[in-house]
Amino acid sequence: MPKIKDPKLADKGRMQIRIAESRMPVLMKIREEMIKWKPLMGIKIAACLHVTKETAVLMKTLKAGGAKIALTASNPLSTQDDVAAALVEEGIDVYAWRGESESEYMENIREALKINPDITMDDGGDITVEAHKLNYANHIVGGTEETTTGIIRIRAMEREGKLKYPVIAVNNAKTKYLFDNRYGTGQSTIDGIMRATNILLAGKNVVVAGYGWCGRGIAMRARGMGANVIVTEIDPLKALEAVMDGFRVLPMSEAAEIGDIFITATGNINVIRREHMEKMRNGAILANSGHFNVEINIKDLEEISVSKERLRENLDEYTLRDGRKIYLLAEGRLVNLAAAEGHPSEVMDMSFANQALSVKYLVENKGKLERKLYEVPVEIDQTVAKLKLQSMGIRIDEPTKEQLEYMQKWED
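Everything quoted here is computed from the prediction, not taken from an experiment.

A. Expanded view of the pattern of salt bridges. For the coordinates displayed, the defined rule picks out 28 salt bridges. Here Glu102 and Arg333 are joined by a salt bridge, their closest N and O atoms 2.7 Å apart. Placement of Glu102 in helix H5 (residues 102-113) and of Arg333 in the loop between strand S14 (325-329) and helix H14 (335-338) is noted, with a sequence separation of 231 residues between them. For Arg333, a relative accessible area of 10% corresponds to the buried category. Across the pair Glu303 and Arg274 runs a salt bridge whose closest N-O atoms are separated by 2.6 Å. Here Glu303, found in helix H13 (residues 298-303), pairs with Arg274, found in helix H12 (residues 274-277); they are 29 residues apart in sequence, far enough to count as distant.

Structural data, given as structure tokens:
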């Protein structure tokens, strides 16, 4: 039996899904093909993704292809309860509600795996890891992974010889990370901070930890709102890119003294910790846009504080021993989904098109793939880009025969 917050929210959820469908033309085009050919008939999918209206469009598309689906959340605070209710009415087993405890979160993942899946779809690596721990992996044809964090974990499993089925790194598709990570995370992170605080960004010192594609997007959007952006990095190449992109680059130990708003997007642990917090200005705001709530050391924050008070949803005020205030957003969880709605539908259209086509690819190549992490096939990436351009009414040039021949030669 599905486990959701309130089945009565389904009507509202259906309206939200309709809005997303109207803005996701690539995935809807793929759905048409799924309905026609039913390439996933008889396939069971266990998905651990953020339960949002955009994810609902993906789930309905896979179901249209013949799949049986069990869906659980990839974060305790990211579920849109109305969408979850609507999906249950669509015949999709959902085990998710906003505000799950850590134990409920893991139990829901285990419930989804009871479908005995042929395919896993993951956002962060939790269901992939759990499938291996609970001995479901030997039956599984393949999996997909949506995020940088999850890919780091799965690559470690592969390196240690623990990965028992092929996984496609959807995050590494160009039509995913160049748009979802950069424009999606950039906009939705700022959206989450604004909803939680209603703070004016113009003139503020915004410290962005990490200059991967998510960090780039956040830095770009913060600058667009008038903020003075400072980047912190551990990778010299990325730090150099940030400098060349016009951002000030400092160690976190120095940035901590002048920042007004701190945003982590590294995929690593304890990026902001006690020695940084002790240097921060009164009123500093801490937000995390990484997948797990480990980038800001909340234990350190609690230990140096004398009190904590929730001022409004997703905004906790910590009072330090010297009277300074530090504000933590969304309990340190990814702020764009916990305090806002996540990425806009238009950008998730490409990410989830890659997901749908990657699942189809795994099914079509059952038994032919090794137990390792694969990139999204180039033809899928190209197909998604072409379909997106078509949906936007944009045409591009085709190379001439002469140009194609020229590109194949090494002689004059």
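B. Just the state of the cysteines, in detail. For the structure on display, the rule yields zero disulfides. This cysteine, Cys48, is not joined by any disulfide, and Cys214 carries the nearest cysteine sulfur, 18 Å off. Cys48 sits in the buried class, given a relative accessible area of 0%.

C. Local environment of the sheet that holds strand S3 (residues 93-95). Sheet architecture is open: seven strands sit in the order S3-S2-S1-S4-S5-S6-S15, paired in parallel fashion. Unpaired on one side and paired on the other, S3 and strand S15 (373-375) mark the two borders of the sheet. Recorded for the sheet is a direction-independent mean angle of 20° between the axes of neighbouring strands. Inspection of the sheet shows strand S5 (residues 142-145) paired to strand S6 (residues 167-169) by three bridges, in the parallel sense. In the strand pairing of S6, Glu145 is matched with Ala169. Sheet strands touched by helix H7 (residues 148-159): S5, S6 and S15. Its angle to S15, the strand with the most contacts, is close to 130°.

D. Focus on the nonpolar core. Counting residues in each nonpolar core, the largest one holds 55 residues, and the members touching the most others are Ile45, Leu58, Met59, Leu62, Leu71, Ile119 and Met121. If one sorts the elements of this core by residue count, helix H15 (residues 345-364) sits on top with ten residues. In this structure, Ala196, Ile218, Val231 and Ile285 belong to the second largest nonpolar core, which totals 26 residues.

E. Quick look at the sheet that holds S14. Read from one edge to the other, the open sheet built from eight strands follows the order S9-S8-S7-S10-S11-S14-S13-S12, with strand pairing classed as mixed. Only two strands of the sheet have a single neighbouring strand rather than two, namely strand S9 (248-249) and strand S12 (305-312). In the sheet, strand S8 (residues 228-232) pairs with S9 via two bridges, with the strands oriented parallel. The partner of Val231 across the bridge, within S9, is Val249. Relative to the sheet, helix H9 (residues 213-224) contacts strand S7 (205-209), S8 and strand S10 (261-264), its axis offset from that of S7 by approximately 170°.

F. View of the pairing of S14. The element S14 is largely enclosed, with a buried count of four among its five residues. Sheet topology note: the strand S11 (residues 284-288)/S14 ladder contains three bridges and is parallel. By the bridge assignment, Ile285 is partnered in S14 with Tyr327. The pairing of strand S13 (residues 315-320) with S14 spans five bridges and is antiparallel.

The rules we used
- Residues numbered from 1 in each chain as written.
- Predicted model: local features only at pLDDT ≥ 70, side-chain atom pairs only at ≥ 80, totals over all residues.
- Heavy atoms only, no water.
- Salt bridge = Lys/Arg side-chain N within 4 Å of Asp/Glu carboxyl O.
- Helix = DSSP H or I, 4+ residues; strand = E, 2+ residues; numbered from the N terminus.
- Buried < 20%, exposed > 50% of the residue type's maximum accessible area, 1.4 Å probe, protein only.
- Disulfide = S-S within 2.5 Å.
- Pairing = 2+ DSSP bridges.
- Axes fitted to C-alpha atoms, helices over the stretch in contact; angles between N-to-C directions.
- Contact = heavy atoms within 4.5 Å.
- Core = buried A, V, L, I, M, F, W, Y, C linked by side-chain atoms within 4.5 Å.

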